[in-house]
Structure formats: C-alpha cells, structure tokens
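As a plain string of letters, each chain reads:
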Amino acid sequence: MKNKSTLFNFKDLIIYFLIAGTGATVQFIAGSFFRNYVNFYTSVSLGYIVSFVVGFVLTKLFAFDARNTNQTRREMVKFGIVAAISFGITVGVAALTLAILHSSDPNDFIYQLPFSFIPEKYREINVTEASSTLAGMGLSFVSNYILHKTFTFKSTGFYDRAKAIVHLGKD
C-alpha cells in the first residue's frame, strides 16, 4: 500500500522546521545588521530578501523530497510566488504587532547586552521591534510550510497554465 502524503507529515514538518529555522536565523541576523543603518520596516524587508536565496536552496535540497524533481525552474517560480505572499505576511504582521505594542506603550523596551565583540561599544537590542519581527516570521513560517507543501513542490498545473498565458502574449 502506498504511503499517503498528509499536510502535516511529521518527517516533513521536522525537516522543514530545521531548514526554515536556518532561514529564519539568517533573516533575523541580517535584519538586525541592517537595522543599524536603516529603519525598522526596511531592515525587516532586507532580512527577508537575504534569507530568500538560503530558503530556496535548502528547501529544494532537503524538504518535501524535491531534490531530484528536475523541475527547478518551475519550483523557483512557484517559490517566488509563495515568497511574495510570505513577505507580505512577515512585514505586515511585524508592522501590525509593532503598532499594537506601541498602542499600549509607545516606548520601546531596549535591552543592553552585557558584552560586545567591539571593545567599548555595547550592543543594544530593541526587544519591542525584535518581538514584532518574530511574530511576523512565526506566522510566515506556518503559511510557508502549507504553501510549499501543497503548491511549490507539488505538481499543480499552475506553472504550465501561467507559462501558456505568457507564451500567448508573445505571439
């Protein structure tokens, strides 16, 4: 009897959690780095963009048994669509969470690390912004898992229909 694939297959969920965790770590670190130079919303966006490449490569290689599908272009297009949706969720939820936190207390909670890799300069962490970013990333994680499992790395016919529409436009 063939093993029926379910949406929340435990093995896929664990592997995806590890891979997405790596991507989320890259996103959070990159966003924190960019936050030193740009505003909160731009730093969340730039962190997401940096993690996009890491996410596709790792997801393609290790999640959802998609390593040898020979459909990388198709999966990349669909991954980009899911990433655009996820980007909206990540930034939107982060902004909404920050607005909610600021509505109850307009002052950000700042934590100063007791150590630094740069002598005589201590790193401050804006816990309010970091919490907002993590909320956006958390909801994005759930939507990404579901969309990648049911759309990106599954033959749905979407890519062939979209390709036919684009090809018709060239004639």
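This report concerns the structure included in the present document. (Residues numbered from 1 in each chain as written. Predicted model: local features only at pLDDT ≥ 70, side-chain atom pairs only at ≥ 80, totals over all residues. Heavy atoms only, no water.)

**Thoughts on helix 2 (residues 40–62)**
An α-helical turn contains 3.6 residues, so any two residues separated by three or four positions project in the same direction. Between the first and last C-alpha of helix 2 there are 32 Å, a value that for 23 residues agrees with the 33 Å anticipated at 1.5 Å per step. Maximum bend of helix 2: about 30 degrees, positioned at Ser 51. When we look at burial in helix 2, the residues that qualify are Phe 40, Ser 43, Val 44, Ser 45, Gly 47, Tyr 48, Ser 51, Gly 55, Phe 56, Leu 58, Thr 59 and Lys 60. Of the surrounding elements, those touching the buried residues of helix 2 are helix 1 (10–35), helix 3 (72–104) and helix 4 (127–152). Structurally, the start of helix 2 carries an N-cap: the backbone nitrogen of Tyr 41 is 3.2 Å from a side-chain oxygen of Asn 39. (Helix = DSSP H or I, 4+ residues; strand = E, 2+ residues; numbered from the N terminus. Expected span 1.5 Å × (residues − 1). Bend = angle between axes of the 7 residues up to and from the residue. Buried < 20%, exposed > 50% of the residue type's maximum accessible area, 1.4 Å probe, protein only. Contact = heavy atoms within 4.5 Å. Polar contact = N/O pair within 3.5 Å; in protein donor to acceptor, adjacent residues only side chain to side chain.)

**Re the packing of helix 1 against helix 4**
Relative orientation of the contacting elements helix 1 and helix 4 amounts to 145 degrees, with a least axis distance of 10 Å. Where helix 1 crosses over helix 4, the handedness of that crossing is right-handed. Contacts from Asp 12, Leu 13, Tyr 16, Phe 17, Ala 20, Ala 24, Gln 27, Phe 28 and Arg 35 in helix 1 reach Glu 129, Ala 130, Thr 133, Leu 134, Met 137, Phe 141, Asn 144, Tyr 145, His 148 and Lys 149 in helix 4. (Axes fitted to C-alpha atoms, helices over the stretch in contact; angles between N-to-C directions. Left-handed = near helix turned anticlockwise from the far one by under 90°.)

**A closer look at the side chain of Asn 126**
Inspection of the secondary structure assignment puts Asn 126 in strand 2 (residues 124–126). A relative accessible area of 18% places Asn 126 in the buried class. Within the structure, Asn 126 has its side chain in polar contact with the backbone nitrogen of Glu 129 (distance 2.9 Å).

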